[in-house]
Amino acid sequence: MIDRERWYKFSLCEQMGHIGGEITRARMWEDKKDNISRNRALERALDLIDSTKDDTRLHERLKELCYLRELVADKYIDASDYEVSLKDLEKYCLDFALVANKNK
């Protein structure tokens with residue numbers, strides 16, 4: 001379980017970067033055909049997204065975060081309702097990490 005008090009000290013870009021890290025792990029496990037490990041990484045990503053959604057500072061980003069959660073959940077259950085890959089989600093999230101790194 002995530003330490004939300006610590007999590008809320010991160011900026012949105014840092015939070016999204018950590019979410020992107022879990023999505024990267026999921027993609028790497030998927031490439032290795034290890035669906036159990038892939039799903040564990042996606043579960044961690046979903047937990048981080050939920051914690052980010054609950055961050056009161058980010059209320060104006062709630063719709064975007066809910067959509068991201070929907071896309072990650074779609075990958076988790078292999079529903080394929082959306083034509084988005086883990087690589088697409090990884091790039092989206094890790095672009096935030098680049099901004100966070102630049103701002104340090």
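None of the values given here were measured: they were computed from a predicted structure.

What counts, and at which threshold
- The numbers attached to residues start from 1 for each chain and follow its sequence in the written order.
- Totals for whole chains, interfaces and linings use all residues, but because this is a predicted model, local features are given only for residues with pLDDT of at least 70 and pairs of side-chain atoms are given and counted only at 80 or more.
- For side-chain calculations, the full set of non-hydrogen atoms in the structure is used, while hydrogens and water are omitted.
- Helix and strand labels come from DSSP, where a helix needs a run of H or I of at least four residues and a strand needs a run of E of at least two; each type is numbered from the N terminus.
- Burial status follows relative accessibility: with a 1.4 Å probe on protein chains alone, a residue under 20% of its type maximum counts as buried, one over 50% as exposed, and anything between as partly exposed.
- Only heavy atoms matter for contacts: two residues are in contact if any of them lie within 4.5 Å across the pair.
- Where accessible areas are quoted, they stem from the Shrake-Rupley method and a 1.4 Å probe; at the residue level, only the protein chains shown are allowed to cover.
- Positive charge is attributed to Lys and Arg, negative charge to Asp and Glu, and no charge count is given to His or to the chain ends.
- Taken as the charge centre is NZ of Lys, CZ of Arg, CG of Asp or CD of Glu, depending on the residue.
- Under the rule applied, a polar contact is a pair of N or O atoms within 3.5 Å (in protein, one hydrogen donor and one hydrogen acceptor; residues adjacent in sequence only if both atoms are side-chain atoms).
- Each Phe, Tyr or Trp ring (for Trp, its six-membered ring) is paired with any other whose centre lies within 6.5 Å, and the angle between the two planes then decides the class: stacked below 30 degrees, edge-to-face above 60, tilted in between.
- Lysine NZ or arginine CZ positioned within 6 Å of the ring centre and within 35 degrees of the ring normal marks a charge as sitting over the ring.

**Re the overall build of the protein chain**
Each helix and strand in the protein chain was counted, giving five helices and zero strands. Counting helices and strands in the order they occur from the N terminus, the protein chain gives α-α-α-α-α. Counting only C-alpha atoms and orienting by the principal axes, one finds that the protein chain spans roughly 35 × 25 × 25 Å. Buried residues in the protein chain amount to 39% of all 104 residues. Here the analysis covers contacts within the protein chain between residues at least 6 apart in sequence; of these, 65% occur between residues at least 24 apart. For the protein chain, the exposed area adds up to about 6,600 Å²; of that, 52% sits on carbon and sulfur atoms. For the protein chain, the separation between the mean place of its 20 positive charges and that of its 22 negative charges on side chains is 4 Å.

**Comments concerning the environment of Arg 4**
Turning to its location among the elements, Arg 4 is positioned in helix H1 (residues 4-7). Sequence separation between Arg 4 and Asp 54 is 50 residues; the distance between their C-alpha atoms is 9.3 Å. Every residue in contact with Arg 4, bar those within four places of it in the chain, is listed here: Asp 50, Ser 51 and Asp 54. Among the polar contacts listed, one links the side chain of Arg 4 to the side chain of Ser 51, at a separation of 3.3 Å.

**A look at the side chain of Glu 90**
Its place among the elements puts Glu 90 in helix H5 (residues 86-102). The class of Glu 90 is buried, set by a relative accessible area of 9%. When neighbours within four sequence positions are excluded, Glu 90 is seen to be in contact with Ile 23, Thr 24 and Arg 27.

**What to know about the packing of aromatic side chains**
Summed over all chains, the structure comprises three aromatic pairs. Arranged with centres 5.4 Å apart and planes meeting at 80°, the rings of Tyr 92 and Phe 96 form a pair that is edge-to-face. A residue pair is termed a helical-turn pair when its members lie 3 or 4 positions apart in one helix, as Tyr 92 and Phe 96 do in helix H5 at four residues. Judged by its relative accessible area of 31%, Tyr 92 falls in the partly exposed class. The ring of Trp 29 is capped by Lys 32, whose NZ or CZ atom sits 5.3 Å from the centre of that ring.

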